[in-house]
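Remarks on the overall topology
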Amino acid sequence: MAPSPPFFPIIRTPSHTRISTPREVRVGGLDCEHDVLVELTREGNEVGLVIPSLAHAHLHLDKCSILDRCNLLTGDFNEALRVTNAAKAAFKHDPDDLYKRGESLICGSVECGVTSIRAHVEVDEAVGLLCVETGLQLSEAFQEVCDVQVAAFAQEPLFVGSSTEPGENYALLVRALEKHANKIKVVGSAPYVEPSIAQAKLNIGLVLDLAIKHHLHADFHLDYNLDPSSEPLIHTVISEAKRRAWPSELGIAIGHATRLQLFIPAEWEALGAATGNLPITLIGLPQSDMYMMGRSAFDAPLGAPRGTLRVPQLASRHGIHAAMAVNNVQNAFTPQGSLDPLALCTLGVALFQSATPADLRELLRAVTLTAKQAVAEPRVHKDLTLAVGDPADLLVLHGTPDVATAVLNPGLDRTTIRAGVVVARRRVSRWIAGTR
Ligand SMILES: [Zn+2]
């Protein structure tokens, strides 16, 4: 797919234009021309805000928009796994539908201001390599518009029964990585689905081995519970990565990690010390975590707890910068919510009771800078305020005057710029009876 032509013709591909006199937009120097950004932010005679573009650090490309095929009776996690597996088994009968749902997800994301996506696509006996290969087609189709980084992901167990020998799902994962060695960028799994903790630990080791062998980033759905008696397996990831002399250029992303929210300060400190220089990043998935976690407390006076990583507090109290991501759109794991990463920031204000200027900026970082660092995106801004040498991957929020508003009540009118080129624009059309 070719990008739409720039609607301001003087925006151009990276030219390292250096502008040293910031005016209305907070630009120190960009690959986009400064005057163009000024015009963009003034569009419609309203002042707008330019921020680093958004990223989906964790998004399931294949199992989006299938809620209408999932009959929810309890809404719990086991049911979600079961009905999703049934829906997945039908993917092979309609590959065009699989492609179109993914295409729609990417288009909608770019409209929101996303220029970078880590796209999880599943590999198992139900779907074979179909989701991976569709994900790779989409990644290629959108290469001029958005970085779609394909993560071959084992949502299903790698082990069968009590066996300690990996089964067919693992064999398929290996096949996917060998067949598409130079195109798949990430390998991931969900160790918590294994029948036992011992097998979950073996799952972690197998995935780290595959990552090193094929020079891929690793990505785990991990510690997805609120059980204080459960062993946090992030420590296994750390020890196994160290045992393998983990290459520093490969990232390790940990999604969910809700169990960690039960940590006392000393445990956070110990985690930081154990992590050391390993490139591990936590990714909170609040829309999914809040929907799924804490269901055993349903009848408690206040119901389920806030079972998700507390992003602003992790930064202010422990110096840990966690990303936030949408995870799923319209499926049994996450029926609600939009695909707009900025909606997570708005949710986070209430969820984390965070509206100080410092917290608002941390929430915005979680879907921009930190999200890009989590997926090892090579082009990352120094901070939210643009500076000389920053990449021209930008989002213009029309009618949004400042960072606080971008988090508290972000506007829908947006222009997305990737590598200095406008790749999407969205304007809301308004009409009210009796007005002009
Ligand atoms: Zn996920």
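The present account deals with the structure reproduced in this document. Nothing here was measured: the structure is a model prediction, and the numbers come from that model. (Residues numbered from 1 in each chain as written. Predicted model: local features only at pLDDT ≥ 70, side-chain atom pairs only at ≥ 80, totals over all residues.)

**Side note on the overall build of the protein chain**
What the protein chain contains, in helices and strands, is 14 helices and twelve strands. By the compact-globule yardstick of 22 Å for 436 residues, the protein chain fits well, its C-alpha radius of gyration being 21 Å. Counting across all 436 residues of the protein chain, residues that qualify as buried make up 49%. (Helix = DSSP H or I, 4+ residues; strand = E, 2+ residues; numbered from the N terminus. Rg over C-alpha atoms; globule rule 2.2 N^0.38 Å. Buried ≥ 20, exposed ≤ 12 C-beta atoms within 10 Å, placed from the backbone.)

**Focus on helix α6 (residues 197-214)**
Across its 18 residues, α6 extends 26 Å between first and last C-alpha, which sits within 8% of the 26 Å expected from 1.5 Å per residue. For α6, the set of buried residues is Gln199, Ala200, Leu202, Asn203, Ile204, Leu206, Val207, Leu208, Leu210 and Ala211. The secondary structure elements touched by the buried residues of α6 are α5 (168-179), β5 (186-189), β6 (217-222) and α7 (234-243). Once α6 ends, the next one or two residues include His215, with phi positive near 55 degrees. (Expected span 1.5 Å × (residues − 1). Contact = placed C-beta atoms within 7 Å.)

**Some words on the environment of Ser316**
Looking at where Ser316 falls in the secondary structure, it is placed in helix α10 (residues 311-318). On the basis of neighbour counts, which here come to 15 C-beta atoms within 10 Å, the residue Ser316 falls in the partly exposed class. It is 8.2 Å that separates the C-alpha atoms of Ser316 and Asp359, two residues lying 43 residues apart in sequence.

**Things to note about the sheet that holds strand β10 (residues 394-397)**
Strand order across the open sheet formed by four strands is β1-β10-β11-β12, with antiparallel pairing between neighbours. Looking at the sheet topology across the chains shown, the edges are occupied by β1 (49-52) and β12 (421-426). Strand-to-strand, the axes of this sheet are offset by a mean angle of 20 degrees, without reference to chain direction. Here four bridges tie β1 to β10, and the two strands are oriented antiparallel to one another. What sits directly across from Leu49, in β10, is Leu397. Of the strands in this sheet, β11 (414-418) and β12 are in contact with helix α3 (residues 95-112), which crosses β12 at around 95 degrees. (Pairing = 2+ DSSP bridges. Axes fitted to C-alpha atoms, helices over the stretch in contact; angles between N-to-C directions.)

**Regarding the pairing of strand β7 (residues 252-256)**
Of all five residues in β7, five are buried; the element is thus mostly enclosed. In terms of strand pairing, β6 meets β7 through five bridges, oriented parallel. Bridge pairing in β7 links Ala218 to Ile252. Between β6 and its parallel partner β7, the chain crosses via α7, and the hand of that crossover is right-handed. Bridging between β7 and strand β8 (residues 280-284) involves four bridges; their strand directions are parallel. Directly across from Ala253, in β8, lies its bridge partner Thr281. What joins β7 to β8 is helix α8 (residues 265-275), and the crossover it makes is right-handed. (Right-handed = clockwise from strand over helix to strand, strands pointing away.)

**Examining the nonpolar core**
In terms of nonpolar packing, the biggest core is built from 114 residues, with Ala152, Ile254, Ile283 and Val367 touching the most fellow members. The dominant element in this core, judged by the number of residues it contributes, is α6, at eight residues. Filtering out sequence-adjacent residues up to four positions away, Ile283 remains in contact with Ala57, His58, Ala253, Ile254, Gly255, Ala322, Ala323, Ala325 and Ala374. One finds Leu226, Met290, Met292 and Phe333 within the second-largest nonpolar core, a separate group that totals nine residues. (Core = buried A, V, L, I, M, F, W, Y, C linked by C-beta atoms within 7 Å.)

**Here's the deal with the packing of α10 against helix α12 (residues 357-366)**
Running from N to C, α10 and α12 point in directions that differ by 115 degrees, and their axes come no closer than 9 Å. Our classification of the angle between α10 and α12 gives roughly perpendicular. At the point where α10 passes α12, the crossing takes the right-handed sense. Facing α10, whose interface residues are Val311, Pro312, Ala315 and Ser316, α12 presents Ala358, Asp359, Glu362, Leu363 and Ala366. Grouping the constituent residues of the contact of α10 with α12 by class yields six nonpolar, one polar and two charged. (Parallel < 35°, antiparallel > 145°, perpendicular 65-115°, else oblique. Left-handed = near helix turned anticlockwise from the far one by under 90°. Nonpolar A, V, L, I, M, F, W, Y, C, P; charged D, E, K, R; others polar.)

**Let's talk about the sheet that holds β8**
Spatial ordering of the open sheet is given by β2-β3-β4-β5-β6-β7-β8-β9, a layout of eight strands whose pairing is parallel. The open sheet terminates on both sides in strands that have one partner only, identified here as β2 (54-60) and β9 (323-324).

**Overview of unusual backbone geometry**
Even without being glycine, Ser65 reaches a positive phi, approximately 55 degrees. By secondary structure assignment, the location of Ser65 is in the loop between β2 and α2 (77-89). Backbone geometry at Gln353 places phi at a positive 50 degrees, although glycine is not the residue there. In this structure, Gln353 sits in the loop between α11 (341-351) and α12.

**Some details on the packing of α6 against α7**
Where α6 meets α7, the axes come as close as 10 Å, and the angle between the chain directions of the two elements is 40 degrees. Judged by the inter-axis angle, α6 sits oblique to α7. For the crossing formed where α6 meets α7, the hand is right-handed. Contacts between α6 and α7 involve Lys201, Ile204, Gly205 and Leu208 from the first element and Thr236, Val237, Glu240 and Ala241 from the second.

**A few points about the environment of Lys92**
Positionally, Lys92 belongs in the loop between α2 and α3. A tally of 13 C-beta atoms within 10 Å means that Lys92 is categorised as partly exposed. Taking C-alpha positions, Lys92 is 46 Å from Gly389, a pair spaced 297 residues apart along the chain.

**Regarding the environment of Leu177**
Looking at the element boundaries, Leu177 is found in helix α5. Taking the C-alpha atoms as reference points, Leu177 and Val187, ten residues apart in sequence, are found 8.2 Å from one another. Residue contacts for Leu177: discarding those within four places in its chain leaves Ala152, Ile184, Val187, Leu210 and His214.

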